[in-house]
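Residues per chain, in single letters:
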Amino acid sequence: MKTKKEVFRSYLVNLIAVVLLFALLLVASSQGLINRYISGIVMTIFINIILAISLNIATGFLGQIALGHAGFMSIGAYSAALLVKYAQDGMGVTLLVKGVPTAAGTAWFLISLVFGGLIAAFFGLVVGIPALRLKGDYLAIITLGFGEIIRVLIENLSFTGGAQGLKKIPKLATLNVVYIVMIVCVAVMFMFIRSRHGRAIMAIREDDIASEASGIPNTYYKVLAFTVAAFFAGVAGGIYAQYLAVLGAANFGFMKSIDILVMVVLGGMGSITGSIVSAIGLTALPEFLRQFSDYRMLIYSVVLIVVMIFKPSGLLGTYEFSLTRLIDRLFGKKSNLPAKAGKGGAEK
Amino acid sequence: MNQSVLKAEKLGITFGGLKAVENFELEIGESELVGLIGPNGAGKTTIFNMLTGVYQPTEGAVYLGGRLMAGKKPHQMAKAGIARTFQNIRLFKKMTVLENVKVAFNLNMKYNGLQTVLRLPGYWKEEAEIDRKGRELLKVFHMEHLADNIAENLPYGQQRKLEIARALATNPKVLLLDEPAAGMNPTETAELMEVIAIIRKDFHISILLIEHDMSLVMSICERLVVIDYGQIIAKGTPKEIASDPKVIGAYLGK
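Residues numbered from 1 in each chain as written. Chains lettered and ligands numbered in written order. Predicted model: local features only at pLDDT ≥ 70, side-chain atom pairs only at ≥ 80, totals over all residues.

1. Describing the confidence of the model for chain A
Model confidence for chain A is summarised by a mean pLDDT of 88, while 95% of its residues fall at 70 or above. pLDDT under 50 marks residues 335–348 of chain A. Its contacts with residues more than four places away, or in other chains, come to 48 contacts. (pLDDT = per-residue confidence, 0-100. Contact = placed C-beta atoms within 7 Å.)

See the structure below:
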């Protein structure tokens, strides 16, 4: 293991990188380089990063294929949206002034994200306890069914706006705040995985009989991982709702779950940095390909196929990209650690 | 007789209409090494599965240190002090050697989610401690230089040893070894015998051993229990067993 000092060094390096990126974001937006189109893509990237990593906890680290992630996302989205709408209309809080969130608006934004996450986590718990008794294909089907049930319920309940969708949600998601939220989410999930809890979860993936015999309560950790994944999916949903301002159940169909799963598989099951890379890549790629509009989705699919043929374990496999290691290599400092044991994976 | 650590009383299990094990009696004292032998399909591994909570016995009971262990799940059994290895090696293949051992320390660790996420002192203290304890444990097995290797890349004999090290990390009172010498060459078997001697000497752990390698069984076990068709056919010292006509009959046919 690295010494505490080395670990702190890698935390510091990553923190500096995070701050630098934030500064870059601020400069770019003050120079007017970020128009609505670009900011939309960047926002989607941030949301997808949270979604991909959270699904990676359930699918990559725990090893259970879940196809209902969009369901948890939609629960978080609707919960957060209804909460801020209530704050605005029911409690009369001024959330927006000329389209810019006030301090109270930002505070309510953050509260709504936690609220959305908690509601989603609750559903994760309720679904997880019975569903996680099953494995593999069966769990995939049950989560798929759950996602569809949520979608149909949202379409038919009145307080969610029914099939017409939920409109006039305060647009509280600003790029800067969402960036910080995304970093915090990634950091929390990273810390969670690099701990005794994460180790137990990976042990279950490797061999559930051996993990149980080694004193790991499998059911507890499976449900825990599933609930944590649902929580962050809910947070991502909350951001999504307050970025789009309009929600419709159709946004959270089966294909959305598949999109997230594709990001996880492409980035590497069991690699947090892999999920980040693929979330960025797969969100940006279709946009860059817009000029070839007719062949856009064709190229996208070909890229996926090519990666899966040449790198079936995903772009990064279970490897974590580490900024500290990269710096050490660039400046010729000898690293005596094997790649897999690197502790200071990059947050971004 | 000194106080028994593990005791099985009239243990039996039925799968549908099949009585896999019947009336199994066993008592293991402190630091004792008992061998469980019998022809293929006699029910040895089934007994292990009952002792570790994988199967719930349909008759009889298991006592650990005098406490009744009814209805306990495998992870609760591990916490109570029964550790095991498997007939087909079951390691956490994609994890490092050290991580494999660290997983088994989990049941004695306490830091919670908040301490994890905020990296509070409790996290550092316990992580540093299991890192040290894990390396010490590997050192006992002369594996400390392999700590950062991926488990599935180890040679067969080392994988067997790692599985035993992992079982010991749960801090057990009784260790159940399911055919630890299976597939080993004579050098590896000799090394294994050395490991078993170390476990008894340094850790004061009782061992129940399933093994087909008779030279190993006869040389290290203090007592043997022989089963056939789910029933005990003989008990005694290796010497007594070797000349027991029933045992010879079970192995060679009458």
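2. Describing the packing of helix H3 (residues 69–90) of chain A against helix H9 (residues 218–244) of chain A
Residues and elements named next belong to chain A. Where H3 contacts H9, the axes come no closer than 6 Å and their chain directions differ by 50 degrees. With respect to H9, the axis of H3 lies oblique. In this structure, H3 meets H9 at a crossing whose hand is right-handed. On H9, the residues that touch His69, Phe72, Met73, Ser74, Ile75, Gly76, Ala77, Ala80, Ala81 and Val84 of H3 are Ala230, Ala233, Gly234, Val235, Ala236, Gly237, Gly238, Tyr240, Ala241 and Gln242. Partitioning the contact of H3 with H9 into residue classes produces 13 nonpolar, seven polar and no charged. (Axes fitted to C-alpha atoms, helices over the stretch in contact; angles between N-to-C directions. Helix = DSSP H or I, 4+ residues; strand = E, 2+ residues; numbered from the N terminus. Parallel < 35°, antiparallel > 145°, perpendicular 65-115°, else oblique. Left-handed = near helix turned anticlockwise from the far one by under 90°. Nonpolar A, V, L, I, M, F, W, Y, C, P; charged D, E, K, R; others polar.)

3. Considerations on the interface of chain A and chain B
Taken together, the contact between chain A and chain B spans 27 residues of the former and 31 residues of the latter. Breaking the side of chain A that touches chain B down by element, the ones donating at least two residues are helix H6 (175–193), helix H7 (196–206) and helix H8 (208–213) of chain A. In terms of residues, the side of chain A that touches chain B owes the most to one element, H7(A), which gives seven residues. Classifying every residue of the side of chain A that touches chain B by side-chain character gives 14 nonpolar, six polar and seven charged.

4. Some details on the confidence of the model for chain B
If pLDDT is low for a region, its predicted coordinates should not be looked at in detail. When pLDDT is averaged along chain B, the result is 91, and 99% of the positions lie at 70 or above. With pTM at 0.90, the complex prediction returns an ipTM value of 0.91.

5. Observations concerning the pairing of strand E10 (residues 231–236) of chain B
Residues and elements named next belong to chain B. Where strand E9 (residues 223–228) meets E10, five bridges bridge the pair, whose relative direction is antiparallel. Following the sheet pairing, aspartate 228 is matched in E10 by glutamine 231. Hairpin geometry of E9 and E10 is characterised by an intervening segment of two residues between the two adjacent antiparallel strands and by a positive phi of about 50 degrees at tyrosine 229. (Pairing = 2+ DSSP bridges.)

6. Considerations on the sheet that holds strand E8 (residues 206–210) of chain B
Residues and elements named next belong to chain B. Strand order in this open sheet of six strands is E6-E7-E8-E3-E9-E10, and the pairing throughout is mixed. Every interior strand has two partners, whereas the edge strands, strand E6 (82–84) and E10, have only one. Between one strand and the next, the sheet's axes are offset by a mean angle of 20 degrees, whatever the strand orientation. Lying over the sheet, helix H10 (residues 245–252) contacts E9 and E10, oriented at roughly 130 degrees with respect to E10.

7. Thoughts on helix H5 (residues 121–140) of chain B
Residues and elements named next belong to chain B. Look at H5: 29 Å from first C-alpha to last across 20 residues, which is about the 28 Å you get at 1.5 Å a residue. Within the span of H5, buried status applies to Tyr123, Glu127, Ile130, Gly134, Leu137 and Leu138. Around the axis of H5, the buried residues are gathered within 95 degrees of arc, so they sit on the same side. Pointing more than 90 degrees away from the buried face of H5 are the exposed residues Pro121, Lys125, Arg132, Glu136 and Lys139. On its buried face, H5 sits against helix H3 (97–105), helix H4 (113–118) and helix H6 (156–169). (Expected span 1.5 Å × (residues − 1). Buried ≥ 20, exposed ≤ 12 C-beta atoms within 10 Å, placed from the backbone. Arc of directions from axis to C-beta.)

8. Points about unusual backbone geometry
All names here are of chain B. Within the chain, arginine 119 stands out as a residue other than glycine whose phi angle is a positive 50 degrees. Relative to the assigned elements, arginine 119 resides in the loop between H4 and H5. Taking the C-beta count within 10 Å as the criterion, arginine 119 has 18 such neighbours and is therefore assigned partly exposed. Its identity is not glycine, yet glutamate 179 carries a phi of approximately 45 degrees, on the positive side. The residue glutamate 179 is located in the loop between strand E7 (174–178) and helix H7 (186–203) in this model.

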